[in-house]
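A closer look at the structure
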Amino acid sequence: MPARTDHAVVVGASMGGLVAARVLSEVFDRVTIVERDVLDDSANPRRGVPQGRHAHGLLARGREVLEEFFPGLTEELVGRGAGRIDLQAQFRWINGGRQMHRADTGLVGLGVSRPLLESRVRARVRALPNVTLLDGCDATGLTATADSSRVTGLRVLRRTDDDGADEVLDADLVVDASGRGSRGPQWLESLGYPAPQVEQVQIGLAYASRSYRRDPHGPAGAAVGATIANRRGGVILSQEGDRWIVSIGGILGDAAPLDHEGFTAFAATLPSPAIHEVIRDAEPLTDAVRFRYPASSRRRYERMSRFPAGYLAFGDSICSFNPTYGQGMTVAALEGTVLRTCLADGTADLGRRFFRGAARIVDIPWDISVGADLRFPDVEGQRTAKARMVNRYLERVHRAAETDPSVGRAFLRVVNMIDRPERLMAPRTALRVLRGSRRPAHQRFGVSWVARRLIVGAAAPAD
Ligand SMILES: Cc1cc2nc3c(=O)[nH]c(=O)nc-3n(C[C@H](O)[C@H](O)[C@H](O)COP(=O)(O)OP(=O)(O)OC[C@H]3O[C@@H](n4cnc5c(N)ncnc54)[C@H](O)[C@@H]3O)c2cc1C
């Protein structure tokens, strides 16, 4: 067991901050979570998490990790009306305009709203005896030792205070889980450190989302991916309360209208009718709401040569992914496992060790989402030979998955972060992909051999 330390403070009580607090509670005597929003026990969308009004899929790996941190969470959510969904048998995937063949995979997804998921995780964290949640409280900056080598606390402003006076929460460790709009980089600069380098891919995503009454005989969910020819996409997910949530949109500013006719007509223009077929006769339960997501953004904390002790960033404040791929909550959960492993070796040099581990977690989903976005010629960014090759290979994966469920399963295991991407290139799967995508022999050889060399990074024998 690592030595216990006194007080950790976490900024943000969304999924990232809650997971971080859960892990820190194992090592610190006291953990305080500071959250700007006033929180109650309800499972309603809230201001600080506007994405809660939109479709939120939890990847299979994310569910598994959350279950490790919060045993029984899946059953608890199912007990509150969430659906347990086999991600291949009960879900329609349309990628590259092709519908994946359906079959049992054992990959479990949840038909649950983001507010319900977050509220149950929050209740679990709140029940931990050494965790306190200070809501209605704004984090405004850090305090540090005179030489700024160590962060010593967090400046906070309680929104409920009439005088609005600043106070300081002394802490051995401050974890910034305040999301993609984090002011952590500015806080570091004010202590004399450089801000982390930022990588961005402008995608200009414009989502519109609306809830409908769910027909119990209707689908558990469907995802329609954008194609090069038709850059619109969307998702329909079942949720507790016999609802479907539908999020549809386009890239580079192509936004779905919010009015009933416009929203429905936009759904009919997606690369597959799968969503439109469901909603055209369904009863809307809410108006449509919009979310604009300008860019995927990754802060490279692991590349900083100087960093104060006693401070970490976590979750979306490190990396915010294009939400189309549903990766953020799973990455936050996996960063929790990295933090737990790092803390098992104590808090010395924690920043360097944690950011390295977190970067290894972020690398794969970042490559997947950014690589997919760079398929579109007018999305700006560096297109590596590897990314181009992977995208060509994935087109064949989608073609093969139309008829071969084992290819679909291999694909879903990768995008659900259960398997590493190399598994999709394993000889047996690659052979099925090539057979299923029915390409001439000379192209089969070229793609599989080159792609495997590029992805696995090692000389792989030709099939
Ligand atoms: C439209 C959209 C759809 C998405 N869909 C999915 C999906 O399908 N699947 C998935 O896994 N992920 C999805 N995500 C990402 C997912 O929501 C995040 O990855 C996840 O919430 C973890 O983020 P976080 O906790 O680090 O930050 P956030 O969720 O952004 O939370 C930050 C928290 O910090 C609080 N806060 C901010 N500043 C301060 C401050 N100064 N003081 C105190 N508190 C502060 C906020 O109120 C908030 O509670 C989506 C994101 C968007 C934008």
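Throughout this document, residue positions are counted from 1 along each chain, in the order its sequence is written. Owing to the predicted nature of the model, reporting of local features is limited to residues with pLDDT of at least 70; listing and counting of side-chain atom pairs is limited to 80 or more, with chain, interface and lining totals taken over all residues. Calculation of side-chain values draws on the structure's entire complement of heavy atoms; hydrogens and water are dropped beforehand.

This next bit is on the sheet that holds strand β18 (residues 319-320). If DSSP finds at least two bridges between two strands, the strands pair. Here a helix means four or more residues in a row that DSSP labels H or I, a strand means two or more in a row labelled E, and each is numbered from the N terminus. As summarised here, the arrangement of the 8 strands in space is β5-β4-β13-β14-β15-β12-β16-β18, forming an open sheet in which the pairing is mixed. Both outer strands of the open sheet, β5 (98-99) and β18, are each paired with one neighbouring strand and no more. Relative to strand β15 (residues 243-250), strand β14 (residues 233-239) runs antiparallel, the two being bridged by 7 bridges. Note on β15: the bridge partner recorded for glycine 233 is glycine 249. Contacts from helix α9 (residues 350-373) reach β12 (198-213), β16 (289-299) and β18 within the one sheet, and its direction differs from that of β16 by about 125°. Only heavy atoms matter for contacts: two residues are in contact if any of them lie within 4.5 Å across the pair. Axis geometry follows a simple rule: fit a line to the C-alpha atoms, using only the stretch in contact for helices, then measure angles between N-to-C directions, giving values from 0 to 180 degrees.

Moving on to empty space enclosed by the protein. In this approach, a probe sized like a water molecule rolls over the atoms, and the result shows the empty space that is left. Here the term cavity refers to a set of points on a 1 Å grid, laid over the protein atoms alone, in which a 1.4 Å probe fits but cannot get out; the term pocket refers to an open set having protein on both sides within 12 Å along at least five of seven lines, with lining residues being those that place an atom within 4 Å of a point. Grid points are joined across faces, edges and corners, and a volume is the space filled by probe spheres set on the points. Throughout the structure, instances matching the rule amount to 2 cavities of 30 Å³ or more. Lining the largest cavity we find Ser42, Ala43, Asn44, Pro45, Arg46, Val49, Gly52, Arg114, Pro115, Glu118, Ser119 and Arg122. Each residue is assigned to one class: nonpolar for Ala, Val, Leu, Ile, Met, Phe, Trp, Tyr, Cys and Pro, charged for Asp, Glu, Lys and Arg, and polar for all the others, Gly among them. The residue makeup of the lining of the largest cavity, split by class, is 4 nonpolar, 4 polar and 4 charged. Roughly 40 Å³ of internal volume is contained in the second largest cavity. Taken together, Arg298, Arg299, Tyr301, Glu302, Ile318, Phe355, Ala358, Ala359 and Val362 make up the full set of residues lining the second largest cavity. Sorting the residues of the lining of the second largest cavity by element identifies β16 and α9 as the ones contributing at least two each. Examining the composition of the lining of the second largest cavity, we find that 4 residues originate from one element, α9, more than from any other. Partitioned by chemical class, the residues of the lining of the second largest cavity number 6 nonpolar, no polar and 3 charged.

On to the site of the ligand. Any residue with at least one heavy atom within 4 Å of a molecule or strand is counted as near it. Taken together, 30 residues lie around the ligand, and Ser14, Gly16, Glu35, Arg114 and Asp316 are the ones closest in. Within the backbone of glycine 16, a nitrogen or oxygen atom sits 2.7 Å from an oxygen atom of the ligand. Polar contacts, as counted here, are pairs of nitrogen or oxygen atoms within 3.5 Å of one another; within protein the pair requires one atom able to donate a hydrogen and one able to accept it, and residues that are adjacent in sequence qualify only if both atoms are side-chain atoms. One of the backbone N or O atoms of glycine 328 is found 3.4 Å from an oxygen atom in the ligand. All accessibility values rest on the Shrake-Rupley procedure with a 1.4 Å probe; residue burial counts only the protein chains present in the view. Considering the ligand on its own, with 1,000 Å² of exposed area, one finds that the protein chains cover 94% of that surface. Mapped onto the shell around the ligand, the elements with two or more residues apiece are α1 (15-24), β8 (137-144) and α8 (328-344). Counting residues per element, the shell around the ligand draws most heavily on β8, which supplies 3 residues. Grouping the amino acids of the shell around the ligand by side-chain chemistry returns 11 nonpolar, 13 polar and 6 charged.

Here the focus is the side chain of arginine 114. Mapped onto the elements of the fold, arginine 114 is located in helix α4 (residues 114-126). On the basis of relative accessibility, which here comes to 4%, the residue arginine 114 falls in the buried class. At 2.6 Å, the side chain of arginine 114 and the side chain of serine 14 are in polar contact. Excluding its chain neighbours within four sequence positions, the residues that come into contact with arginine 114 are Ser14, Met15, Val49, Gln51, Gly52, His56 and Met329. We call a residue buried when its accessible area falls under 20% of the maximum for its residue type, exposed when it is over 50%, and partly exposed in between, using a 1.4 Å probe and counting protein chains only.

Further remarks concern α1. It helps to recall that an α-helix has 3.6 residues per turn; residues three or four apart then point in one direction. A large share of α1 lies buried, amounting to 10 of its 10 residues. Those residues of α1 not exposed but buried are Met15, Gly16, Gly17, Leu18, Val19, Ala20, Ala21, Arg22, Val23 and Leu24.

Taken in spatial order, the 3 strands make up an open sheet running β8-β9-β10, and their pairing is antiparallel. Looking at which strands have only one partner, the edges of the open sheet turn out to be β8 and β10 (166-170). Neighbouring strand axes in the sheet, compared pairwise and without regard to direction, differ in orientation by 30° on average. Two elements, strand β9 (residues 151-158) and β10, share 5 bridges in a ladder whose sense is antiparallel. Within β10, the residue paired with glycine 153 across the bridge is aspartate 170.

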